[in-house]
Each structure stands twice: as structure tokens, then as C-alpha cells.
Amino acid sequence: MKGYVEKGVICQHDKVGPAIWRMIIELPKTAREAQPGQFIHVKINDCSKLLRRPISIAGADPEKGLVEIIYRVVGEGTLLMSQMHEGDRLDCLGPLGTSFTIPDGELVGVGGGVGIAPILFTARRAKVGQMTVVIGGRNREEVFWKDLFPHTLKNLIVTTDDGSYGVKGFTVSVLPEVFKHNTIKQTIVCGPAIMMKKTAEISKEAKVPCEVSLEKRMGCGTGTCMACVCDKVSGGHYKVCKDGPVFNAEEVIL
């Protein structure tokens, strides 16, 4: 089994968007080894919740031993998490899973919903001027993420479905223009399945390698329970928690 079991102290916990929370946890071992695209498996402090919850890592500070996660309240488990306070301890297993490739050249990251978290982590690790990020949401409220990205990006493009902020439309609608310059070496994407599929298609047309981060409900996080399988293009299945969550887009059926 990869990763460390650490019971870390919550240093910061704030509501940052509609049903979305940002938590910073003291997890020294995890912070030291975490890479963009990986996740932690969180144990809820309630004996009735037996399974851990997988949450993408949004940032890690190895020097301070801190790990940042951003999650949406979608059920009883994450609702209980949202009711925790600074100073409480949280049982975490991580870092788990595969990570994104950060090339020497230009990188484009595409994210939607809470799938923006691993894109944010990658942006924080990328070199100055190396990365263009495209993020989207339904409205202005959902693109609070824009304020979390570092100023070291080459470009940050924000889209909203209703046009209340940035470009009106979907994230994928701006990608053809982004790819026009033929200098991009890698695309990474995480978010709704249709967004990832379209991003992968546009990247392939531009002859740019694309990696996708699949968000699945993971029961065990170690490849045992088979709850998070996805289909291979070549036939058979991958276990997202063990073989992923990051895959070459051409190897999985989106």
C-alpha cells in the first residue's frame, strides 16, 4: 500500500463557494511527497462512516508540512467534514495515485467544478510563464478558483455558462484558439466527463499529448474493492485508485 496514514491537525477551514470548502491540514509526510494529480483518502470522524473519501490535493507545502484540499459537500460524509473546525484532527491516507506530467515546454490545464483542484496544484508547481489554465463554471460564484491561482501563469482564461464572468460559454470552446500557436507540449484535464472527452479530442487533433484525471468513488483506495474501475481502450479495466487517477487520454474510454 502506498502513502502514509497521518492524523493531522486542521489549520484552516473555510467555505469558499457554493457548498465548497477549503481545508489546510498539517500532514508532514504527505506534504513532502505529494505530486500534482494525486489524492488523499480521508476518514470521516464518525464510526458509522466506514469508507474513506478520496479528495484531490490542491496544494502542498513541504517546508511547512501542510496539505490543501478543496471539496464539495455532496453527501453525509462531506457534510460531516464541513462541520469540523480548526484544531480538530483528521485521519488521512496519502499521497495516493499517479500524477500529471509537467513537461519542459508549455503546458495547458483545463478544469471544471472541484476537478480544478489538481489543475491548481499543477499550476503551483509549474515554472514561471510555463502554464496556461482554462477553468469554467456555471456562473461567477463558481469561479472563485481564479483568485487561488498563482500570478506565475502564462495565462488564465475563465469561462462561465451564463457569461457573468470571463468568456461566455464552456471551457472547451476556447481551446482551439489556445492551440493555434503550436507551442504546447502537454494538456492536462480534470472535471466533468464530457469536458474531459472533448478536451482530449481537441488535443489529439492538435497533436498534443493529453492526460486526464478521473474522479471516481473509491471504497478502499488501494485497488482491492473494485469500486472505481474504468474501461481500457484496449479492453479490460483499470483501477482508478491504483492505476490512476491520472491516465493518458488515449488509454481510457471517457
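Residues numbered from 1 in each chain as written. Predicted model: local features only at pLDDT ≥ 70, side-chain atom pairs only at ≥ 80, totals over all residues. Heavy atoms only, no water.

As a reminder, the rule being used: UniProt positions are given in the numbering used here, feature names are shortened, and annotations may be inferred rather than shown by experiment.
The name recorded for the protein chain in an unreviewed UniProt entry is Dihydroorotate dehydrogenase B (NAD(+)), electron transfer subunit, from Dialister pneumosintes. Here the protein chain is described in UniProt, under the heading Sequence similarities (unreviewed entry), as follows: "Belongs to the PyrK family." Its UniProt record, at the heading Function (unreviewed entry), says of the protein chain: "Responsible for channeling the electrons from the oxidation of dihydroorotate from the FMN redox center in the PyrD type B subunit to the ultimate electron acceptor NAD(+)."

**Side note on the UniProt feature "binding site: [2Fe-2S] cluster" (unreviewed entry) in the protein chain**
Selection criterion: Under the DSSP-based scheme used, a helix requires at least four consecutive residues in state H or I and a strand at least two consecutive residues in state E, with every element numbered from the N terminus. For every residue, the accessible area (1.4 Å probe, protein chains only) is compared with the maximum for its type, and the residue is labelled buried under 20%, exposed over 50%, or partly exposed between those bounds. Residues are treated as being in contact if the distance between any of their heavy atoms lies within 4.5 Å.
The UniProt record marks Cys 220, Cys 225, Cys 228 and Cys 241 with the feature "binding site: [2Fe-2S] cluster" (unreviewed entry), using the residue numbering of this structure. These annotated residues cover 22 residues of sequence, but their C-alpha atoms sit close together, with the largest distance between any two at 10.1 Å. Tracing the backbone shows Cys 220 in the loop between strand E12 (210-213) and strand E13 (229-231). Judged by relative accessible area, Cys 220 falls into the partly exposed class, the value being 22%. Residue contacts for Cys 220: discarding those within four places in its chain leaves His 41 and Cys 225. Inspection of the secondary structure assignment puts Cys 225 in the loop between E12 and E13. With a relative accessible area of 40%, Cys 225 lands in the partly exposed category.

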